[in-house]
Structures are given as structure tokens and as C-alpha cells.
Amino acid sequence: VSANTLQEAIAEPSRAGRALAHFNVSELAGLKAVAAAAKTVGQPVIVGASEGEREFFGARALVDLVRLLSRQMDVPLYVSADHSHSLGSLKEALAAGFDSVVFDASALPFVDNVERTREAVACAKSIAPHVLIEGELGFIGSGSVLVRRLGTNVAVRGSDLPTPDQAAEFVERTGVDLLAPAVGNVHGMIVEGAQPGLDVPRIAAIRAAIRVPLVLHGGSGIAHGQLVAAIQAGMAVIHVNTELRLAWRRGVEEGLARDKDEIAPYRILRPAVAQVSRLAELYIRLLSGQTLPDAHGATR
Ligand code: 13P
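My aim in this report is to walk through the structure given alongside it, one point at a time. This is a predicted model, so every value here is computed, not measured.

Definitions and limits used
- Residues numbered from 1 in each chain as written.
- Predicted model: local features only at pLDDT ≥ 70, side-chain atom pairs only at ≥ 80, totals over all residues.
- Heavy atoms only, no water.
- Axes fitted to C-alpha atoms, helices over the stretch in contact; angles between N-to-C directions.
- Helix = DSSP H or I, 4+ residues; strand = E, 2+ residues; numbered from the N terminus.
- Parallel < 35°, antiparallel > 145°, perpendicular 65-115°, else oblique.
- Left-handed = near helix turned anticlockwise from the far one by under 90°.
- Contact = heavy atoms within 4.5 Å.
- Nonpolar A, V, L, I, M, F, W, Y, C, P; charged D, E, K, R; others polar.
- Buried < 20%, exposed > 50% of the residue type's maximum accessible area, 1.4 Å probe, protein only.
- Arc of directions from axis to C-beta.
- Polar contact = N/O pair within 3.5 Å; in protein donor to acceptor, adjacent residues only side chain to side chain.
- Near = heavy atom within 4 Å.
- Areas by Shrake-Rupley, 256 points an atom, 1.4 Å probe, with all protein chains shown as cover.
- 1 Å grid on protein atoms, 1.4 Å probe; cavity = no way out; pocket = protein on both sides within 12 Å on 5 of 7 lines; lining within 4 Å.
- Sits in = over half its atoms within 2 Å of the grid points.
- Pairing = 2+ DSSP bridges.
- Right-handed = clockwise from strand over helix to strand, strands pointing away.
- Points joined across faces, edges and corners; volume = space filled by probe spheres on them.

### Looking at the packing of helix α7 (residues 164-174) against helix α8 (residues 200-209)
The description of two packed helices rests on the angle between their axes and on the distance between the axes.
Now for step 1: Running from N to C, α7 and α8 point in directions that differ by 40°, and their axes come no closer than 8 Å. Classified by the angle between their axes, α7 and α8 sit oblique to one another. Crossing of α7 over α8 shows right-handed handedness. Together, Pro 164, Ala 167 and Ala 168 of α7 and Arg 202, Ala 205, Ile 206 and Ala 209 of α8 make up the contact between the two elements.
Now for step 2: Across the contact of α7 with α8, the residue classes tally to six nonpolar, no polar and one charged.

Dropping the structure here:
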């Protein structure tokens, strides 16, 4: 892949019918795993970090490491400041050198979300015009967590989802470069009860109403066949975090269980790198059309 910027990578004509994977990381083992998966499959990947993840990793350290790994491993890696909730956090992300910033005012009513996001885009464009700014429309929860049951404050029912007209108005009035609309699913995974599914026709209708690329958040726990349908309907980037966190935790537990006297972090963390990498690889292949969805469980 010869794309230079994230914008070019997303718009790459050869990517039609495929999506870029956006994987969140909190620390180095996760980053190593995601970079290794990108290299193995030979596809560009977006490494993301939310405000909490950036605070733990160090925003500048993450950006610099992603650039370094991308050069060293000769694979396109991009870096995104996921879910920034304030102008202060947006400015910090711009100063740190991220390729894109997700500005998230989706918990606010439509008019306030438009106003806050418009202000954020104007601010970002005056500081770093080349950085892509993504807006969020419709609240789908805020954490990559395991939850007992579906929250009552999330937009998952058809009548609560943004309409194509609202999406078009949002893009027009805010000037965002990318749009993540609520399309039926939520952030995180539900441990008691079913995961709400994607409204694929709504994705297609929103796709037809706007000109900027569409981003799907909350990729964890969705049947793989649905993810493929969402890409065919127009999703260009898909975020996955909760499942990777779960793989990381299982890997750490495995590393600790192997030998209770083991204290070398690099031995303890090795299974975590392996598990996260394996899962990331599976998603990169799925999103880039390299595997049939039912090969990996269409209805998990
Ligand atoms: P999940 O944690 O549900 O995969 O969502 C991740 C996400 O959208 C991060 O922005």
C-alpha cells in the first residue's frame, strides 16, 4: 500500500468494499501486537487511543512509537486520538501529532453537538488543517467495557438513530472530515443478553446522504457477517477495542498462571501480545475482504 496520509489511505480506490481497522491500545504490549498483525496481513491499520488510554501511554510517546514502528516494520500505521471530549483534549492531541481526532459531543442534544463539534473543527483547522476531525452523532455509550445489560440511555432503536437528513445537516454545519453515526450497536460488550445488531439499511441511507467517509464505532461482539454487510453499505473505518482488551486480559492471566514465580514482564506479557495479535489479524483480514465471514463465526 503506497498511501501517505490517512485521508489517502481511507480514499484509496483499491479499498472499495473494504474498511480500515482502528484498534485501541493502552500500553506497549497492545501496540506491538497490533503492529505485528498489520505487518503479517500487509494492510494499513489505525492505532487509536482514547483520553484515558493516551494519559496512560503518553500521547507523544504513542505517536512517536507508531511512526517508528511503521518505518521499522515497513507497514502503514496511522494514529488516532479517539473520543476527545473537550477543546483542551483536542488541542493536546493536535500538539502530539495525531493523524486524526475523534471529537465526541454525542451525549449532547443535536443542536449542542453541532455547535460544540463545529467549534472543535474550526479550532483544529486553524491549528493543524491536515488533521482529520471526526464527529459523533447519536450516543452509543462511552466505554469499551463488559456490561451486564444494555443501558437505557443509548440510541439503538430505529426511531432514536440519526436520520440521513440529520447526518447531512451535521456534516454540512460542522465541517467534519469523517462521521460516526449511531447505527444500532453500542460500545462495549453485553455479558447478559444479546448484543444489539447493526441497522445496515440505515448505514446505506446515511452513506447516500453525505460525502465524507463513515466510521463505525463499537465493533466488538458484532457478528462478522454483519460487519461485512456494514462495509458493503459504506463503512470505511471500523473501531474495535473491547474484544482486544478481553484478549489482552486473558493473555496476561495465561502469562501469570504459567509460573507463579515468574516476574519477568516480557515473559508474563508474551501470551498477551500473542492473543491480541491473533485477534487483530483476524479483524484486519475480515475488514479487508481476505476471509469469508462465516470462516470465523458469522453469528457469534
Ligand atoms: P468496542 O469497544 O465496542 O469495540 O468499541 C470501540 C470503539 O468504538 C472505540 O472508539
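### Details of α8
Now for step 1: The complete set of buried residues in α8 reads Arg 202, Ile 203 and Ile 206. On an axial view of α8, the arc spanned by its buried residues comes to 105°, and they lie on one face. Opposite the buried face of α8, at more than 90 degrees from it, the exposed residues are Pro 201 and Ala 208.
Now for step 2: Contact partners of the buried residues in α8: α7, β7 (178-181), β9 (214-216), α9 (224-232) and β10 (235-240).
Now for step 3: Where α8 begins, one side-chain oxygen reaches toward the backbone nitrogen of Arg 202, 3.1 Å away; that side chain belongs to Asp 199.

### Here we look at the site of the ligand
Now for step 1: The immediate surroundings of the ligand are formed by 14 residues, with Asp 82, Ser 144, Gly 218, Ser 220 and Thr 242 found nearest.
Now for step 2: Measuring from an oxygen atom of the ligand, one finds a side-chain N or O atom of Ser 144 at 2.6 Å.
Now for step 3: Taking Thr 242, its side chain carries an N or O atom lying 2.5 Å from an oxygen atom of the ligand.
Now for step 4: Taking 300 Å² as the accessible area of the ligand by itself, protein coverage stands at 99%.
Now for step 5: Spatially, the ligand is embedded in the second largest pocket.

### Considerations on the pairing of strand β1 (residues 20-24)
Now for step 1: Where burial is concerned, most of β1 is hidden: five out of the five residues are buried.
Now for step 2: Sheet topology places β1 next to β10; four bridges connect them, and they run parallel. Bridging across to β10, Phe 23 finds its partner in Val 240.
Now for step 3: By the bridge criterion, four bridges tie β1 to strand β2 (residues 45-49) in an arrangement that is parallel. Bridge assignment links Phe 23 to a residue of β2, and that residue is Val 47.
Now for step 4: This β-α-β element, β1 to helix α2 (residues 28-41) to β2, shows right-handed connectivity.

### A few points about the environment of Val 147
Now for step 1: Locating Val 147 in the fold gives a position in strand β6 (residues 146-147).
Now for step 2: Residue classification places Val 147 among the partly exposed residues on the basis of a relative accessible area of 28%.
Now for step 3: In this structure, the C-alpha to C-alpha distance between Val 147 and Val 75, residues 72 residues apart in sequence, is 35 Å.
Now for step 4: The contacts of Val 147, once residues within four sequence positions are left out, are Met 189, Ile 190, Val 191 and Glu 192.

### Some words on unusual backbone geometry
Now for step 1: For Asp 74, which is not glycine, the phi torsion reads 55° and is therefore positive.
Now for step 2: Checked against the element boundaries, Asp 74 lands in the loop between α4 (59-73) and β3 (77-84).
Now for step 3: In this model, His 83 sits at a positive phi of 40°, which is unusual for a non-glycine residue.
Now for step 4: Relative to the elements of secondary structure, His 83 occurs in strand β3.
Now for step 5: Taking relative accessible area as the criterion, His 83 reaches 10% and is therefore assigned buried.

### Here we look at the pairing of β10
Now for step 1: Most of β10 is tucked away, with six of its six residues classed as buried.
Now for step 2: Chirality of the crossover, the property in question, places the unit of β9, α9 and β10 among those that are right-handed.

### A look at empty space enclosed by the protein
Now for step 1: Within this structure, the stated rule accounts for two cavities of 30 Å³ or more.
Now for step 2: If you add up the space inside the largest cavity, you get close to 90 Å³.
Now for step 3: Lining the largest cavity are 16 residues; nearest its centre among them are Glu 136, Gly 138, Ile 140, Ala 180 and His 217.
Now for step 4: Sorting the residues of the lining of the largest cavity by element identifies β5 (132-137) and β7 as the ones contributing at least two each.
Now for step 5: Along the lines of polarity and charge, the residues of the lining of the largest cavity split into seven nonpolar, seven polar and two charged.
Now for step 6: The space that makes up the second largest cavity amounts to roughly 50 Å³.
Now for step 7: What lines the second largest cavity is simply Leu 6, Ile 10, His 22, Ile 46, Ser 80, Ser 100, Glu 134, Leu 178, Val 215, Val 237 and His 239.
Now for step 8: Listed by contribution, the elements that provide at least two residues to the lining of the second largest cavity are α1 (6-11) and β10.
Now for step 9: Classifying every residue of the lining of the second largest cavity gives six nonpolar, four polar and one charged.

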